[in-house]
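Residue strings, one per chain:
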Amino acid sequence: MKETSLSDKKVSNIRSLTKKLNIGDVLFVKNFIEAPVKLFEKPATEEYFDLIEYMLLDYQIETALETRKAAVLSIPHFFDGDENAVDVVKKALEDIDFEQDLKLFLDFLPYGCYFFIVNWKLENGFYKVSSIDPAHPRYFAFDRTTGKPVLKTLSGYKLLPDRRILYFRRNPTPENPWGQSILRACYPMWKLKYETIYQLYLYQDKFANPPVAAIKKEGDIPEDKIEQLTKDLAQLQSGASAFFQGVDEVITINPGNTSDFWTTIEKCDAAISKAITKQTLTMNNAEVGAYSLGKIHQETLESVAILDAQYLARKLNITLIKWILELNNVKGKCEFKFEIPNEADLKDIFEAIDKGLKVPASYLYRRLNVPEPKEGEEVITTTPQPISLSGGKPVNFF
């Protein structure tokens, strides 16, 4: 089963979602909080899927999700275990783009749950993965008794075939086995953003040509001349010149600028990014400095990415990796792992060296990704004097 394109009906649903969400409606504030409760608590409905797909069209949501996915995939990952078992797993996956599949697996973040169909092929008695195809969660359900996923068919629900379906979920509960979409936290700011865009559109449409007014300081103007004057003023365009008889002054009414609209949109974008990447955007450069702020943001994103990576690894080890070994009758152990960084920052290490900590030179060579010189090998140094990399007491650690 491959993921199908949206039907005309579903496309129509997405297009009409603006109306469903009351964007541009005077009752916007009243419905501001109701929609997340109604829609996000029922993730198996078509209305829920329409909302998610509509939100995924937002440039800020897409960018933040891609940033989070990239952070996960940037963590070094590898297969570890018995040599024979590792070789078997690598061989079984050699015909697919496993890196791209890892990225697709993370689609469970916006949907709360996502499914994938594993297709196998048998070559000379060896089972290999021929493809891993995404399958939209709208085609599945969860059994209320067992909590296990089942396939929706025209004749009812059917059990999933063994070793064929992978699925990933975010924070599932017995009450909501579908998991929770990460976009739920974005919803209020996303809706406010599009309400602001809607109002900005109305504003620019109304004031594209600044309104003008004719002023008569003394005396009255006949009614028929007022009507004609109004029509003449309405026809004025940029660069045009005109003479109006019977008025003392014609002025342009400045409606102001759109900076407040754009400020609101930018703040909504920042809040959306924070909800997805969990970066601490409330701190500013004046408080901690540009370098420190960037470091804090990066470390926050990395901590979130680590949790996503650990979940992916656990899930793959009890499903896909296990299935490969079982189908090929391999008893050895193989695990898919992310190399979670747990080493101290180099700056902290150098400061500790300044204070007397003894650190093997080989460790520093490895951390700095510099080859350690062999005995008798010519080396280049900048100065024969001890140097300090942390700004404290000079130290010579080579």
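This write-up is about the structure you can find in this document. None of the values given here were measured: they were computed from a predicted structure. In this numbering scheme, every chain counts its residues from 1 along its sequence in written order. Side-chain atom pairs in this predicted model are given and counted only at pLDDT of 80 or more, local residue features only at pLDDT of at least 70, and totals for whole chains, interfaces and linings cover all residues. To obtain the side-chain values, all non-hydrogen atoms of the structure were included, while hydrogens and water were left out.

### Concerning the overall build of the protein chain
Then comes step 1: In terms of regular secondary structure, the protein chain is built from 16 helices and 10 strands.
Then comes step 2: Residue exposure (1.4 Å probe, protein chains only): buried if accessible area is under 20% of the type maximum, exposed if over 50%, otherwise partly exposed. The buried share among the 398 residues of the protein chain stands at 36%.
Then comes step 3: If you take every contact in the protein chain between residues at least 6 apart in sequence, the share linking residues at least 24 apart comes to 70%.
Then comes step 4: Carbon and sulfur atoms make up 52% of the accessible area of the protein chain, which totals about 24,400 Å². Only runs of H or I of at least four residues qualify as helices and only runs of E of at least two qualify as strands under DSSP, and these elements are numbered from the N terminus. Any two residues having at least one pair of non-hydrogen atoms within 4.5 Å are treated as being in contact. The Shrake-Rupley method, run with a 1.4 Å probe, gives the accessible areas here. Residue values count only the displayed protein chains as cover.

### What to know about the side chain of arginine 169
Then comes step 1: Tracing the backbone through its elements, the reader meets arginine 169 in strand β7 (residues 165-169).
Then comes step 2: Note that His is not counted, nor are the chain ends; the positive residues are Lys and Arg, and the negative ones are Asp and Glu. Here, a salt bridge means any side-chain nitrogen of Lys or Arg that lies within 4 Å of a carboxyl oxygen of Asp or Glu. Notably, arginine 169 is buried but unbridged: the nearest opposite-charge side chain belongs to glutamate 175, and the N-O separation is 11 Å.
Then comes step 3: Looking at arginine 169, its side chain comes within polar contact range of the main-chain oxygen of proline 177, at 2.8 Å.
Then comes step 4: Discounting chain neighbours no more than four positions away, the residues touching arginine 169 are Phe108, Gly112, Cys113, Phe142, Pro177, Trp178 and Tyr311. Two N or O atoms count as a polar contact when they lie within 3.5 Å, although within protein this holds only if one can serve as hydrogen donor and the other as acceptor, and sequence-adjacent residues are included solely when both atoms are side-chain atoms.

### What to know about the pairing of strand β10 (residues 334-338)
Then comes step 1: Across the two faces of β10 the burial differs, with Cys334, Phe336 and Phe338 buried and Glu335 and Lys337 not buried at all.
Then comes step 2: At least two DSSP bridges between two strands are required for those strands to pair. Taken together, the five bridges between strand β1 (residues 77-81) and β10 define a ladder with antiparallel strand orientation. Bridge pairing in β10 links phenylalanine 79 to phenylalanine 336.

### Looking at the pattern of salt bridges
Then comes step 1: Scanning all chains against the criterion turns up 17 salt bridges.
Then comes step 2: With a shortest N-O distance of 3.1 Å, glutamate 46 and arginine 138 are connected by a salt bridge. Residue glutamate 46 is located in helix α4 (residues 46-55), and its partner arginine 138 is located in the loop between β3 (126-135) and β4 (140-142); the two are separated by 92 residues in the primary sequence.
Then comes step 3: Here glutamate 46 falls in the partly exposed class, since its relative accessible area comes to 33%.
Then comes step 4: The closest approach of N and O atoms between lysine 128 and glutamate 123, which form a salt bridge, is 3.7 Å.
Then comes step 5: A relative accessible area of 34% means that glutamate 123 is categorised as partly exposed.
Then comes step 6: Salt bridges sharing common partners tie together Glu94, Asp95, Lys121, Glu123 and Lys128.

### Some details on the environment of isoleucine 321
Then comes step 1: Tracing the chain through its elements places isoleucine 321 in helix α14 (residues 320-327).
Then comes step 2: Spatially, the C-alpha atom of isoleucine 321 lies 9.8 Å from that of lysine 90, the residues being 231 residues apart in sequence.
Then comes step 3: Beyond its immediate chain neighbours, meaning those up to four positions away, isoleucine 321 contacts Phe79, Val89, Leu316, Cys334 and Phe336.

### Examining the packing of aromatic side chains
Then comes step 1: Two rings belonging to Phe, Tyr or Trp (six-membered ring only in the last case) form a pair when the distance between their centres is within 6.5 Å. Interplanar angles under 30 degrees mark stacking, angles over 60 mark edge-to-face geometry, and anything in between is tilted. Scanning all chains against the criterion turns up 21 aromatic pairs.
Then comes step 2: Ring centres of phenylalanine 98 and phenylalanine 336 lie 5.6 Å apart, and the angle between their planes is 90°; on these two criteria the pair is classed as edge-to-face. Residue phenylalanine 98 is located in helix α7 (residues 98-105), and its partner phenylalanine 336 is located in strand β10; the two are separated by 238 residues in the primary sequence. There is no split in this pair, since phenylalanine 98 and phenylalanine 336 are both buried.
Then comes step 3: For the pair phenylalanine 108 and tyrosine 311, a centre-to-centre distance of 5.4 Å together with 55° between the ring planes defines the contact as tilted. You can see phenylalanine 108 sitting in helix α8 (residues 108-111) and its partner tyrosine 311 sitting in helix α13 (residues 290-317), a full 203 residues away along the chain. No difference in accessibility class separates phenylalanine 108 from tyrosine 311, as the two residues are buried.
Then comes step 4: One aromatic cluster is present, formed by Phe105, Phe108, Tyr111, Tyr114, Phe116, Phe168 and Tyr311 through successive ring pairs.
Then comes step 5: Distance and angle both matter: a charge sits over a ring if NZ of Lys or CZ of Arg is within 6 Å of the ring centre and within 35 degrees of the ring normal. Across from the ring centre of tyrosine 59, 3.7 Å away, lies the NZ or CZ of lysine 193, which sits over that ring.
Then comes step 6: Over the ring of tyrosine 167 we find lysine 315, and its NZ or CZ is 4.1 Å from the ring centre.

Geometric values such as these leave the question of function open.
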